[in-house]
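Next come the chains, spelled out residue by residue.
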Amino acid sequence: MQRFKTIRPVLAIALSVGLVAGCAGRSTGSDPSSEGAAGADGPTTLKVMTILYGNPPAETNNEAKADIEKRGNVKLDIEFVPADAYADKLSVAVASDTGYDLMLFEGRSDKYVNLARQGAFHDLTPYLKGKDNLNYMPEAIWKNSMVQGKAYGVPRPRGLYGGGEASFLLRKDWLDKLNLKVPTTLDEMTQVLRAFRDNDPAGGGKTIPMVAFARDEHVFGATSAIFYPFGVPNYYTIENGTPKYLIQTEGYKRYLEWLRMAYAEKLIDKDAPILKQQQAREKFYAGIAGAFVFHVGGLNDANYDLLRKSAPGAELVVVPPLEGPAGRRASVESGYFGLWVIPSSVPKAKVEKIVEFLNFSASEENFIFSKTGVIGVHSSEFKNGIAVQTEEQRKKMTADVPSAFVLENRYDPYNYAGSSDPEINKYQKEMLDMLEKVEGVPNPFSSYNSTTAAQNPDHLKSFSAVALKYVVGEVGWDAVQNEIDKWEKTYGTKILNEMMEQYKRDQQ
């Protein structure tokens, strides 16, 4: 099938500040700004708040932090907030002006856009000129992150395919034990989950075929890999000139029907309606679950270490896009996860230094550092794109987490392929490439926002509650349809029309 064309013309405002500087593949190591964040001045202290998945970096004797502080001419005061608590912590930080120089927003949400328009963040557009490392990322990523043609945040680039909940991860050792093949269709996946349930490969009745967690209108998080084969859009779609939100589509109904069946048959963790994302993740890496929807980064060293502590000899496999009623499909992502914002309370003189540090962070030098740490401490050398490590160096790497201090990563379509094992690393890249070979599902409204949605952040709350009741078997489909109809009348039509107007304007 024809691949979705991801690189689109960038806005004129972006061109005016040099956001298209540099050609793909060009080394930016000679950029003076890659040598440090503050030139000959003393170190710049940066108070930062960012999201944390997994264990935090060591607070004392962290040689990775010390190294990047020295090279970047900064002092980093970073607060790593666990993912499940991040949204609440961020809201408090924004409302109370707690003195952060740099904060990470998880995405271009309605709240983010509202705050940008209200002047809560510095407009960074003028500061981006000449920042070759930041401008190395594709134009499409910049455009997807902008608000009214301005860069109020610096996107942390990711691949346009393969992020978020792109793929099922399965326990390959369980498949082998039960003489099962890697599934290629939704029906085969369902049969694999039933086999996990019936044969209890974890032992002692502890097996959970598939983990998931509570999440708004999707009902369960860690299920997105089921969306696309059923025909669910990437949030929004335009059918015959009419915009639709995912809950209005036939594919979404089929998706909820599958969840209802799977929950009733105990294929999905019974605790999914009350679990948080980190709790579901922990269950999978505790070795008692057979399937988890994540991305190829789930095969990285730290994740395998966690899994094998509880399940020695465990092996994982990435499931290619499953075939369903809508064929084989994969989402086309925004190309970033998180936006670095600088609160407007930060003095302008410091803004330049912060942007310089982000540009330094995104250098080729730090791209390598994120994989090797300090040569001689966290690894021995960087060979064929992979860090060569002793066991002691691996332990030090896990403790210090060098990548956590590379706040702005360099654009890399294989960003999620982070295993230090050459064979696993190659496999991760192959699985990322595979996602680009099936039909891409874009979100036509990824760079737009609705005023109505921003003013009514809970507009889907009532629907989400009823959709969950449907999945767990407490109500029938009529109750869900009634909520969809109610949403359309009160909010939905306005939201869709507002974004469609922006879309049409850009098509002229």
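Residues numbered from 1 in each chain as written. Predicted model: local features only at pLDDT ≥ 70, side-chain atom pairs only at ≥ 80, totals over all residues. Heavy atoms only, no water.

A.B. asks: How should the confidence of the model for the protein chain be read in this particular structure?
C.D. replies: Keep in mind that low pLDDT regions are not for reading the predicted coordinates in detail. Taken residue by residue, the protein chain gives an average pLDDT of 90. The fraction at 70 or more is 92%. The low-confidence segment residues 1-36, where pLDDT is below 50, has 71 contacts with residues more than four positions distant or belonging to other chains. (pLDDT = per-residue confidence, 0-100. Contact = heavy atoms within 4.5 Å.)

A.B. asks: Would you mind showing me how to read unusual backbone geometry here?
C.D. replies: What you tend to see is this: most non-glycine residues have negative phi, and most peptide bonds are trans. Unlike most non-glycine residues, Ala-222 shows phi in positive territory, near 65°. When you line up the elements, Ala-222 lands in the loop between strand 8 (219-221) and helix 8 (224-230). Judged by relative accessible area, Ala-222 falls into the buried class, the value being 0%. Of note in the backbone geometry, Val-401 takes a positive phi value of approximately 50° without being a glycine. Counting through the fold element by element, Val-401 comes out in the loop between helix 14 (391-400) and helix 15 (422-435). (Helix = DSSP H or I, 4+ residues; strand = E, 2+ residues; numbered from the N terminus. Buried < 20%, exposed > 50% of the residue type's maximum accessible area, 1.4 Å probe, protein only.)

A.B. asks: What is the right way to look at helix 15 in this model?
C.D. replies: The end-to-end C-alpha distance of helix 15, which contains 14 residues, comes to 21 Å, matching closely the 20 Å that a straight helix rising 1.5 Å per residue would cover. Of the positions making up helix 15, those classed as buried are Ile-424, Asn-425, Gln-428, Met-431, Leu-432 and Leu-435. For helix 15, the buried positions fall inside an angular range of 125° around the axis, keeping them on one side. When the buried face of helix 15 is taken as reference, the exposed residues oriented beyond 90 degrees from it are Pro-422 and Glu-423. (Expected span 1.5 Å × (residues − 1). Arc of directions from axis to C-beta.)

A.B. asks: Before we go on, may I ask you to explain the nonpolar core in this structure?
C.D. replies: Looking at soluble globular proteins, one finds that nonpolar side chains tend to be buried together. Core analysis: the biggest nonpolar cluster contains 81 residues, and Phe-168, Leu-256 and Ile-268 have the highest contact counts within it. In terms of residue count, helix 18 (residues 477-507) provides more of this core than any other element does, eight residues in total. In terms of nonpolar packing, the next biggest core, distinct from the first, is built from 63 residues, Ala-83, Tyr-86, Val-332 and Leu-435 among them. (Core = buried A, V, L, I, M, F, W, Y, C linked by side-chain atoms within 4.5 Å.)

A.B. asks: Would you explain the domain arrangement of the protein chain in this entry?
C.D. replies: Interfaces are frequently sized by the accessible area removed from exposure as the parts join. You can read the domains of the protein chain as domain 1 (32-159 + 335-415) and domain 2 (167-331 + 441-502). Of the residues lining the interface, 15 residues belong to domain 1; the matching set on domain 2 comes to 14 residues. Interface area, domain 1 with domain 2, both sides summed: about 1200 Å², of which 34% is carbon and sulfur. On the domain 1 side of the interface with domain 2, the three residues burying the most area are Asp-84, Arg-108 and Asp-110, jointly 41% of the side's total. Between domain 1 and domain 2 we count one salt bridge in total. One salt bridge connects Asp-305 with Arg-394, and the closest N-O pair in it is separated by 3.2 Å. (Domains from an automatic or database assignment. Buried area = accessible area lost by both parts, 1.4 Å probe. Salt bridge = Lys/Arg side-chain N within 4 Å of Asp/Glu carboxyl O.)

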